[in-house]
Structures are given as structure tokens and as C-alpha cells.
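Working through the structure, step by step
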Amino acid sequence: MMSDDGLITQLSIFVNNEPGRLAYIASVLKDCGINMHAFNLAESADFGILRAVVDDPEGSYSKLKAKGIIVKKTEVIGVLIEDTPGALFKAADVFGKAGINIEYGYAYSGKKASVFYIRVSDPGKAVEVLRQNGVRIMSSGEIRWGI
Amino acid sequence: MAFWNEKLETMPREDLEKMQLELIKAKVREMYGVSDFFRKKMESAGLTPDDIKTFEDFRKIPFMRKSDLRDNYPDGLFVRPYDDLVRIHVSSGTTGKPTVVGYTKNDLDNWTESLARGMTSFGMTHKDVMQNCHGYGLFTGGLGVHYGAERIGATVLPTSTGNTARQIQLMCDIPVTAIAGTPSYMFHIADVCDQKGIDIRRDTKLHLAIAGGEPWSESMRKKLQDRTGIRVHNCYGASEFYGPMFLECSEQCGLHVWADLCYMEILDENGNPCKDGERGEIVVTMLKKEAFPLIRYKIGDISALDWTRCRCGRTHPRLMRISGRTDDMLVVRGVNVFPSQIESVIGELPFLSPFYHITLENANYMDSMTVAVELSEDYLTEDTVEIAKMSSELSRRLKDVLNIKADVRLELPGTLERFEGKANHVTDNRSYD
């Protein structure tokens with residue numbers, strides 16, 4: 001299912017802070033045949049959150065739910081960044097000037113391109129501003145194709 | 001051996017019991033007239049004051065419980081108008097509603113008398129300088145012990161709780177000879193002294209202590225005394241009585257329960273009196289309490305009473321160490337905590353599920369309490385800032401209700417253990433060895 005709203009559905013998988021929990025989650029991901037494109041492990045004082053961009057978010061979400069894993073969906077934006085010095089500045093500068101606040105982000109550096117996945121307060125507006133300023137945004141379809 | 005009130009403190013048991021029975025009969029008659037609550041209790045058992053002639057008769061009067069205090073919050077059990085009161089103390093109750101205790105001038109006087117006798121019994125005099133580390137304010141410990149020490153002419157240094165570095169500085173700089181506080185706080189002081197290279201024996205004049213307000217043991221006393229060189233005396237009381245009330249004498253063999261102020265029963269599971277030295281539930285009747293009388297009050301503690309004459313010469317019965325509770329009340333850093341209070345806080349916060357667990361630890365005898373609660377599925381968010389906000393809100397609400405800090409842990413939905421029958425909400429890993 002392709003959409004051109006520039007938004008990517010990220011899965012947030014909640015992980016208890018106890019030894020072996022991440023390994024367990026990883027084994028469930030394997031059993032469900034879920035391929036992660038990029039992920040980040042965030043931690044609150046209480047539990048961990050595995051944030052992942054996967055091939056098929058809707059399907060993966062249902063599979064994980066069925067396995068009793070606590071998972072939520074969040075909209076993030078994949079900003080394509082050239083693999084050259086100063087590329088991050090170009091994107092960040094647009095955010096700064098447009099007054100968009102980045103809550104968190106994590107990067108993936110692939111063979112063809114690098115992607116900066118970000119969560120912002122107002123994703124719809126962020127996509128608009130980025131496009132106006134000529135910053136390339138990844139569509140959810142591109143994840144499946146592989147970049 | 002010094003006495004504060006020698007004639008009374010060494011009166012033969014039969015005379016004491018005669019006095020107790022007279023005071024009981026008078027209190028029952030008075031209460032029947034002025035307290036609707038008490039009269040209804042009597043009527044429910046088909047009793048009038050004329051029926052109470054012996055201790056056995058007295059045992060027919062139904063018990064008064066903590067729930068009665070809650071149901072009559074705040075002052076429904078006071079039998080004196082506010083005009084007659086000179087003080088009010090407040091302690092934690094069972095379900096968010098605190099226990100409010102009013103005092104007349106005579107109430108303060110009898111409370112203070114009780115402590116003056118006790119302090120004298122372990123050798124405190126007007127020459128002593130006592131540092132009072134009990135909290136001043138709504139809690140009874142601070143002001144109660146303060147008044148007792150002043151009554152015997154001792155000098156009081158009212159440091160109250162907290163700021164251990166300053167507490168230690170003062171006990172080194174001022175010729176402090178006695179200290180009052182919770183046993184765990186005394187261990188903490190000893191720990192901090194070690195860290196600072198302060199030797200209590202060498203650097204202070206401390207040699208006497210009153211320790212109470214929380215459960216502790218003989219082996220803790222031995223460790224504390226060996227470590228600090230201070231003779232440590234146990235203390236027992238409750239805000240419902242007046243506050244801290246009964247102390248150990250220099251023989252350290254039980255708390256002298258002043259029989260002219262308090263009639264203490266120890267009852268077995270069937271409500272029958274236990275033999276001397278046998279453990280059972282403590283039931284308290286305050287014989288001279290005016291504003292907020294207690295008649296056959298179940299305080300919830302378990303212990304034994306020993307009427308054999310103490311080696312110090314005192315004839316009043318001695319209460320042994322408290323060995324347990326009949327309800328789920330926890331004493332954490334000297335503060336009464338009911339799981340129901342925690343439950344009510346959790347119930348008020350929409351982002352929490354009703355599943356929780358309390359864990360108690362006491363590394364170095366310093367209590368810590370962790371409250372683990374599951375987030376409700378709807379409020380679970382991957383926004384860590386939001387999670388931190390929820391955590392601190394729970395923490396703040398618990399502090400407001402419990403008056404002590406609890407460590408808070410938010411758990412994911414479905415992670416805490418579920419119970420089929422009666423839920424077990426508390427894991428108490430504290431050791432008093």
C-alpha cells in the first residue's frame with residue numbers, strides 16, 4: 001500500500017527492563033519474518049522502547065499483537081540525506097527556520113542513500129515545509145524496494 | 001535508681017489494678033453520657049454503665065477500630081469542643097483519610113508525664129542535652145518527645161528530621177548527651193559519621209538514645225550500641241494514644257506501660273486474655289484521655305505483657321517488642337503506610353491500571369519503598385518525555401498522601417503478577433537481624 005503523504009509508520013515495541021527481554025523480542029521478530037530497515041532502542045527509566053521501521057508495518061503490527069507483544073504505531077518522516085559532509089546541516093537548517101521541533105531521530109546509512117528518520121511534533125506540516133525547501137523525503141514504498 | 005513519680009511507679013499490682021478498674025468505670029460512665037458513638041457500641045452489646053463492675057464485664061464492650069476513626073473523620077470521636085483543645089496532631093489513616101487527634105491541656109500533661117517517667121527510668125536527667133531527630137509538626141514524635149524532655153528539665157535541641165550533615169555537626173559542637181529518633185535514622189547517622197571520619201565515642205558526648213517509631217529488633221539494638229557506644233532504649237506509642245508514650249528503663253527489658261494512664265489487654269484469636277508473657281493482639285484503653293478517648297481500641301500490633309516486677313523496681317506491666325501486625329499496615333521510615341492509601345492514589349490517576357506491587361528493602365536498616373504500577377494500555381506512549389511526566393506525577397501524589405518518598409516504577413501493561421484469590425500487593429524484604 002503506497003501513500004504519498006511522506007509519512008512512514010514506525011512500530012514502537014515496548015520491552016521490559018529485564019535481562020533477556022530484547023533477545024526474546026528479537027526472536028519473535030524473526031519468527032514473524034519481520035525485516036527491520038532501521039531501528040533504535042530508546043529507554044525510559046521504566047522500560048525500553050524498540051522503535052523500528054519495517055518493510056510491512058501494518059502486517060507486522062498485527063503479527064506482533066497476535067504474539068502478545070505490546071506495540072504501538074507512530075508516524076515518522078524519512079529524510080533522505082546525501083552521503084556527504086554538510087548534508088545533515090541542510091535538512092536541520094530547514095527545520096530550525098520553520099520552527100519544527102524534532103522529538104527524536106535515528107539514522108540509517110544504506111548502500112544507495114542515508115536516511116534520517118525523525119519524529120516531529122507536527123509531521124504533516126514538517127513534510128510540507130521540507131518539500132517546499134527541496135529536501136527529499138522517502139515514501140513508505142521506498143522502504144520495501146530497498147534503498 | 002531515680003524515679004519521676006516513685007510512689008506511683010512502684011505501687012503494688014493489686015493497687016494499680018484497683019485504680020484501673022475505678023478509672024475504667026468512671027470513663028465508661030462519662031463516655032456513655034457524652035459520646036453517641038460509644039453509647040451505640042454499648043447498646044449494641046446490650047450494656048449500660050451499671051453492667052461494668054469487673055474487668056470481665058469490661059471485656060464485653062465491643063472493640064473500637066481504625067475503621068471507626070475513618071468513619072468519623074475528622075473529629076466525630078472528639079468528646080470535647082474545640083474551645084477545650086490546645087493541640088491537634090494528624091497521622092496517616094487507612095484510605096487517604098488521615099487520623100486526627102485532639103488534645104486538651106490535661107491530655108498534653110498526661111502524655112508528657114508518661115514520657116518524663118520513661119526518660120527518668122533510663123537515667124536521663126536535667127543535665128542531659130537531647131537532640132530530637134523526630135519530625136516536628138503534625139507527627140506526634142517531635143513535639144511529644146520534646147515536651148517530655150523539657151518536663152524533666154533536660155535541654156532540647158529540636159533538630160527535627162533531615163540534613164544529617166548538620167545533625168552531626170551539631171552533636172559534635174554542642175555537648176549533646178542524648179538523641180531521639182528512629183533506629184534506622186540512628187544507623188544512618190552512624191554511617192555518615194563513618195564516612196566523615198567522626199568517632200561518636202571520641203567526638204561527641206552521646207551516651208543515651210530513645211529509638212522508636214518503626215519495627216526493630218534486639219540484634220539491631222546490639223549492633224547500634226556496639227557501634228556507637230550509646231545505650232539505646234526502645235519506645236512505643238501511636239498518635240491515637242497521644243503519641244510516643246512508653247519507654248524502656250535502664251534494664252532494657254520491655255516498655256513500662258503506665259497502668260494509671262493505660263489499661264492494656266493482650267487477647268488471643270478468640271478474644272480471650274492471654275497469659276502473662278503470651279503473645280496476642282494489643283487492645284488499649286486510655287484511662288485519662290479527655291478530648292479523644294480510646295476504649296478497647298485495636299491498634300493492630302501484636303506483643304506480650306509481663307506483669308512481673310522489673311529489676312528497676314517498677315511494678316507497672318512491661319510490653320515486649322512488637323512482633324507483628326494484625327492488618328496490612330506497613331511502617332516505612334517511621335511512617336505508617338497502608339497499601340489502601342497507595343491504591344487510592346493509583347485509582348485517581350487515569351493513566352494507571354489498578355495493578356500494582358509494593359516492595360520494601362532496608363539496606364543498612366534504611367527503609368526504601370518501591371511502588372511498581374502498570375500503565376493503562378490507552379495511555380501507553382512511546383514518548384519518553386510523557387512517560388517521565390507520568391512517573392513524576394505518581395511520585396508527587398504518593399509523597400503528598402504518604403508523607404514519605406516512594407520510588408516509582410511504571411510497568412508495561414500485563415507484566416505484574418495477577419492473583420486469583422486475595423492479591424498479594426506487598427513484598428517486604430526488610431531484615432532486622
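Predicted, not measured: the structure shown is a model, and the values here were computed from it. (Residues numbered from 1 in each chain as written. Chains lettered and ligands numbered in written order. Predicted model: local features only at pLDDT ≥ 70, side-chain atom pairs only at ≥ 80, totals over all residues. Heavy atoms only, no water.)

1. Some remarks on the interface of chain A and chain B
- If you look at the interface, chain A gives 18 residues, while chain B gives 17 residues.
- Taking both sides of the interface into account, the surface hidden between chain A and chain B amounts to around 1300 Å²; carbon and sulfur atoms contribute 57%.
- For the pair chain A and chain B, the number of links is one salt bridge.
- A salt bridge links Arg51(A) to Glu382(B), with the shortest nitrogen-to-oxygen separation between them at 2.9 Å.
- At the boundary of chain A with chain B, the tally comes to seven residue pairs in polar contact (both at pLDDT 80 or more).
- Looking at the side of chain A that touches chain B, the elements with two or more residues in it are strand E1 (8-16), strand E3 (47-54), strand E4 (71-81) and strand E5 (102-109) of chain A.
- Among the elements that make up the side of chain A that touches chain B, the one with the highest residue count is E1(A) (five residues).
- Among the residues forming the side of chain A that touches chain B, the class breakdown is six nonpolar, five polar and seven charged. (Contact = heavy atoms within 4.5 Å. Buried area = accessible area lost by both parts, 1.4 Å probe. Salt bridge = Lys/Arg side-chain N within 4 Å of Asp/Glu carboxyl O. Polar contact = N/O pair within 3.5 Å; in protein donor to acceptor, adjacent residues only side chain to side chain. Helix = DSSP H or I, 4+ residues; strand = E, 2+ residues; numbered from the N terminus. Nonpolar A, V, L, I, M, F, W, Y, C, P; charged D, E, K, R; others polar.)

2. Let's talk about the packing of helix H8 (residues 164-173) of chain B against helix H9 (residues 183-196) of chain B
All names here are of chain B.
- Remark: H8 packs on H9, axes separated minimally by 10 Å, with the N-to-C direction vectors making an angle of 80°. By the angle between their directions, the pair H8 and H9 is classed as roughly perpendicular. Two secondary-structure elements touch here, H8 through Thr-164, Ala-165, Gln-167, Ile-168 and Met-171 and H9 through Tyr-185, His-188, Ile-189, Val-192, Cys-193 and Lys-196.
- By residue class, the composition of the contact of H8 with H9 is seven nonpolar, three polar and one charged. (Axes fitted to C-alpha atoms, helices over the stretch in contact; angles between N-to-C directions. Parallel < 35°, antiparallel > 145°, perpendicular 65-115°, else oblique.)

3. As for the sheet that holds strand E20 (residues 407-411) of chain B
Residue and element names in this part refer to chain B.
- With mixed pairing, the four strands of this open sheet are ordered in space as E20-E19-E18-E21. Lying at the two open borders of the sheet, with one neighbouring strand each, are E20 and strand E21 (426-428). Taking each pair of neighbouring strands and ignoring which way they run, the sheet shows an average axis angle of 20°.
- Judged from the five bridges that link them, strand E19 (residues 368-375) and E20 form a sheet pairing that is parallel. Opposite Thr-370, over in E20, you have Asp-407 as the bridge partner. (Pairing = 2+ DSSP bridges.)

4. Remarks on the sheet that holds E1(A)
Residues and elements named next belong to chain A.
- Spatial strand order, E2-E3-E1-E4-E6-E5: six strands in an open sheet with antiparallel pairing. Because the sheet does not close on itself, it has two edges, and the strands there are strand E2 (36-43) and E5. When the angles between neighbouring strand axes are averaged without regard to direction, this sheet yields 30°.
- Two elements, E1 and E4, share six bridges in a ladder whose sense is antiparallel. The residue of E4 that forms the bridge with Ile-8 is Val-76.

5. Comments concerning the domain arrangement of chain B
Residue and element names in this part refer to chain B.
- As assigned here, chain B comprises domain 1 (6-326) and domain 2 (335-428).
- Each of domain 1 and domain 2 has a C-alpha centre, and the two are 32 Å apart.
- Opposite the 14 residues of domain 1 that make contact, domain 2 presents eight residues.
- Both sides of the domain 1 and domain 2 interface together cover about 1100 Å² of buried area, and 55% of this is carbon and sulfur.
- There are zero salt bridges connecting domain 1 and domain 2.
- Viewed at the interface, domain 2 and domain 1 are joined by one residue pair in polar contact (both at pLDDT 80 or more).
- Elements that contribute at least two residues to the side of domain 1 that touches domain 2 include exactly H9 and helix H11 (218-228).
- Here the element with the most residues in the side of domain 1 that touches domain 2 is H9; it accounts for five residues. (Domains from an automatic or database assignment.)

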